[in-house]
Amino acid sequence: MILASPDGQWLAIRAGRMLELFAATGGTTPVARIELERDDVDLTFVGTPSSLVAVFHDPPRLVLFAPPQLETVARLDLPAPAKLVASTGSRLALVSPDGKQLTVARATGKGLAAAPLDPGSPVEVAVGLEKNQLLLALYKKLQVWDAVSGRPQLNLALQLPPPPRLVGAAQGHLWAVRTGTDEVIVYRLSDGRPFKHRVHRTIEDVVSHPSSPLLVVQTQDALVRLHCFAHQVGLIGSPWTKGMPLALLVAGENVTLVGAASGVPWWVPLIGDAAAPAPAGGAADAPAPPGRPAPVGTAGKAWREQLAAFAATLRAEAAPSTNALGTVREAAVELPEVPADSELAQLAHRHQLGAAARRALIALYALYLAGETPAIARLAALAGDWADALGRGELAALGLVRRRGGRVALRGVVARRPRRCPAAGIAHRRRPTRSAAARRDVRAARRAQRRRRRRRPDRAVRPDRDGARPGAPGAGPRRGAAARGDAGRARRGRRAPGAAAARRAPGGRGRRAAAVARPRLT
């Protein structure tokens, strides 16, 4: 058993009754070593600065140890046997064997205190979240409780997989796995949206940390890394073997995978700078599992170089068999992880792309950097799905890709400027196809619109009685047909010589009245 403190300063390794404390900054020599009273004990780190709490089952009691010497600071007897199920901040949740009694214990620097809670039904699952919160899976409901006040705060409508299952927390997310399957479901706590990821191996356990977006999935023969924000899956090269305990060490922006081989710790940096150098024969010398390319690190800002190097490794591989969908999915390779602050990851986050669409986007961009356009079958092998390769997925619906012949590529605006690609619209919008009759109607409507514009009243301008144009200084009010808005009559009146005089003549009506003056009968 191996534990990492929440503040990223200490590592605790337990083998039987022997408990050793190591400094997280490196080194294989323990800072302190003590022998526990019994074997049936649960251990956890709580608080900042961190303290080590031991939960003994028989007799039931809590013991508080203070680093770095692991001195016994406080003891607290429990009324009934309980097991440790979760911890958050300086508090830990204890549940009775039948799940009907829930107790929240608080550990300070020099003391312990416990208070019972009444959730109303047996507790099936308890997960420690950030900000002193506990996620409790009760009978037919999922609630978030405040560990400080001991009251429920929020009801979650999440569909967890059926038991037997594993449930844990990551930064801003909740994950769930049904044992014996190859699928990890990640729920985003902000809106409850689930994301399903397949690792193509039987899952045995998952290692996570409430302050880290990374999940380390333990399978039968390899370790798989899953990023909850970027939704990327990749293999981890490490000296890990089946049955070896693991933990995640989080110190600020750095996330490190920690393991223990024969009581000696080793470190593998996952995000940020290396927390400590790997010992001889460690992760630096460990190759990736056979049959899959070695994962490409993405620490730092040179993520485009990492993708270009990954695309170069794909050139020597043979084209996958495409006689069945399952054959292509088995031939899918592990793509490198893209940092969450990169332009490509931000583009995928703005469009809320799923796991398969993100894999296809990264594969297309990596091949774009290498100057290649993949075939449909090749993209299906890289993405692990046929939808985006055939133009039926999220990338095609958003207009981020184009398909010509049997090849698929990113559109120019997406490949050249991922940061400026539209966030809530369509990158490339095609005009709808119209029939011949519809095109004739459109042309007729445009001609009628041009005719109406030519006949506007403000275009029919005639001299005023004083010789000034309407609107000019000293001009009188507009009269006649132009004033009433009859533009056609105003133009005809200007073209006809003597038309104004004819209209003013008694009985005059137009041009004939101007040409022939009829006598008026009396």
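Residues numbered from 1 in each chain as written. Predicted model: local features only at pLDDT ≥ 70, side-chain atom pairs only at ≥ 80, totals over all residues. Heavy atoms only, no water.

Caption draft 1: Region of the structure containing the environment of G384. With respect to the secondary-structure elements, G384 resides in the loop between α5 (376-383) and α6 (394-397). For the pair G384 and A360, spaced 24 residues apart in the sequence, the C-alpha separation amounts to 8.4 Å. (Helix = DSSP H or I, 4+ residues; strand = E, 2+ residues; numbered from the N terminus.)

Caption draft 2: The arrangement of the sheet that holds strand β8 (residues 71-77) in detail. What the four strands build is an open sheet, ordered β5-β6-β7-β8; its pairing is antiparallel. Two strands bound the open sheet, and with one partner strand each, they are β5 (41-46) and β8. If you compare each strand with its neighbour and ignore which way they point, the axes differ by 20° on average. (Pairing = 2+ DSSP bridges. Axes fitted to C-alpha atoms, helices over the stretch in contact; angles between N-to-C directions.)

Caption draft 3: Inspection of the packing of helix α4 (residues 355-369) against α5 at higher detail. Where α4 meets α5, the closest approach of the two axes is 8 Å, and the angle between their N-to-C directions is 125°. When the axes of α4 and α5 are compared, the pair comes out oblique. Considering how the two elements wind past one another, α4 and α5 form a crossing that is right-handed. Between α4, through A356, R359, A360, A363, L364 and L367, and α5, the contact on the second element is made entirely by L379, L382 and A383. Residues of the contact of α4 with α5, tallied by class, amount to eight nonpolar, no polar and one charged. (Parallel < 35°, antiparallel > 145°, perpendicular 65-115°, else oblique. Left-handed = near helix turned anticlockwise from the far one by under 90°. Contact = heavy atoms within 4.5 Å. Nonpolar A, V, L, I, M, F, W, Y, C, P; charged D, E, K, R; others polar.)

Caption draft 4: Expanded view of the sheet that holds strand β16 (residues 151-156). Taken together, the four strands give an open sheet; going across it, the order is β13-β14-β15-β16, and neighbouring strands pair in antiparallel fashion. Strands with a single pairing partner mark the edges of an open sheet, and in this sheet they are β13 (125-128) and β16. For this sheet the average axis-to-axis angle between neighbouring strands, irrespective of direction, equals 25°. Sheet topology places strand β15 (residues 141-146) next to β16; five bridges connect them, and they run antiparallel. Residue pairing across strands places Q143 opposite N155, the latter belonging to β16.

Caption draft 5: Spatial organisation of the nonpolar core. If you look at the biggest cluster of nonpolar residues, it comprises 35 residues, and the most contacted ones within it are L307, L344, L361, L395 and L410. For this core, the secondary-structure elements that each account for two or more residues are α1 (303-314), α3 (343-350), α4, α5, β29 (407-410) and α7 (412-416). By residue number, the principal contributor to this core is α4, which donates nine residues. Apart from the residues within four sequence positions on either side, L410 is in contact with L361, L364, Y365, L400, V401, R402 and A415. Counting 17 residues, the second largest nonpolar core, distinct from the first, contains L3, A12, L21 and L36. (Core = buried A, V, L, I, M, F, W, Y, C linked by side-chain atoms within 4.5 Å. Buried < 20%, exposed > 50% of the residue type's maximum accessible area, 1.4 Å probe, protein only.)

Caption draft 6: Here's a closer look at the pattern of salt bridges. Inspection of every chain in the model, using the stated rule, returns 11 salt bridges. Residue E20 pairs with R33 through a salt bridge whose shortest N-O separation is 2.8 Å. One end of the pair, E20, is in strand β3 (residues 18-23); the other, R33, is in strand β4 (residues 32-35), with 13 residues separating them in the sequence. A salt bridge links R61 to E37; the nearest nitrogen and oxygen atoms lie 2.1 Å apart. One end of the pair, R61, is in strand β7 (residues 60-66); the other, E37, is in the loop between β4 and β5, and 24 residues separate them in sequence. (Salt bridge = Lys/Arg side-chain N within 4 Å of Asp/Glu carboxyl O.)

Caption draft 7: Just the side chain of H227, in detail. With respect to the helices, strands and loops of the structure, H227 is situated in strand β23 (residues 223-227). Separated by 3.2 Å, the side chain of H227 and the backbone nitrogen of F229 make a polar contact. (Polar contact = N/O pair within 3.5 Å; in protein donor to acceptor, adjacent residues only side chain to side chain.)

Caption draft 8: Representation of the environment of F45 in the model. Considering the arrangement of structural elements, one finds F45 in strand β5. Between the C-alpha atoms of F45 and S5, which are 40 residues apart in sequence, the distance is 5.4 Å. Excluding its chain neighbours within four sequence positions, the residues that come into contact with F45 are L3, A4, S5, P6, W10, A12, L21, S50, S51, L52 and S87.

Caption draft 9: Local environment of the pairing of strand β26 (residues 254-261). Here β26 lies mainly inside the structure; six of its eight residues are buried. The pairing of strand β25 (residues 246-251) with β26 spans six bridges and is classified as antiparallel. Looking at the pairing, A247 lines up with V258 of β26. Once β25 ends, the chain turns through two residues before running back antiparallel as β26, passing G252 with a positive phi of about 70°. Taken together, the seven bridges between β26 and strand β27 (residues 264-271) define a ladder with antiparallel strand orientation. Residue pairing for β27: T256 is matched across the bridge by P269. Here β26 folds back onto β27, and the loop between the two strands holds two residues, one of which, S262, carries a positive phi near 60°.

Caption draft 10: Examining the packing of aromatic side chains more closely. Scanning the model with the defined rule gives one aromatic pair in all. Judged by centre distance (5.9 Å) and plane angle (40°), the ring pair of Y365 and Y368 falls under tilted. One end of the pair is Y365 and the other is Y368, both in helix α4 and three residues apart, which spans about a single turn. Residue classification places Y368 among the partly exposed residues on the basis of a relative accessible area of 38%. Above the plane of the ring of F56 lies R61, whose end atom (NZ or CZ) is 5.0 Å from the centre. (Phe/Tyr/Trp six-rings, centres within 6.5 Å; stacked < 30°, edge-to-face > 60°. Lys NZ or Arg CZ within 6 Å of the ring centre and 35° of its normal.)

Caption draft 11: Looking closely at the confidence of the model for the protein chain. With 74% of its residues at a pLDDT of at least 70, the protein chain reaches an overall mean of 75. Across residues 318-332, confidence stays below pLDDT 50; counting only partners more than four residues off in sequence or on other chains, it has 24 contacts. Under a pLDDT of 50 for its full length, residues 478-483 has, in the predicted model, 13 contacts with residues more than four places off or in other chains. (pLDDT = per-residue confidence, 0-100.)

Caption draft 12: Spotlight on α4. In a regular helix each residue adds 1.5 Å, so 15 residues correspond to 21 Å; α4 covers 21 Å between its end C-alpha atoms and thus fits that length. Phi turns positive one or two residues past the end of α4, at G371, with a value near 75°. (Expected span 1.5 Å × (residues − 1).)

Caption draft 13: Local environment of unusual backbone geometry. Here D58 and P59 are connected by a cis peptide whose omega angle stands at -5°. For P59, the position within the fold is in the loop between β6 (51-57) and β7. Geometrically, the link from P67 to P68 is a cis peptide bond, its omega value of 5° lying close to zero. Assignment of secondary structure puts P68 in the loop between β7 and β8.

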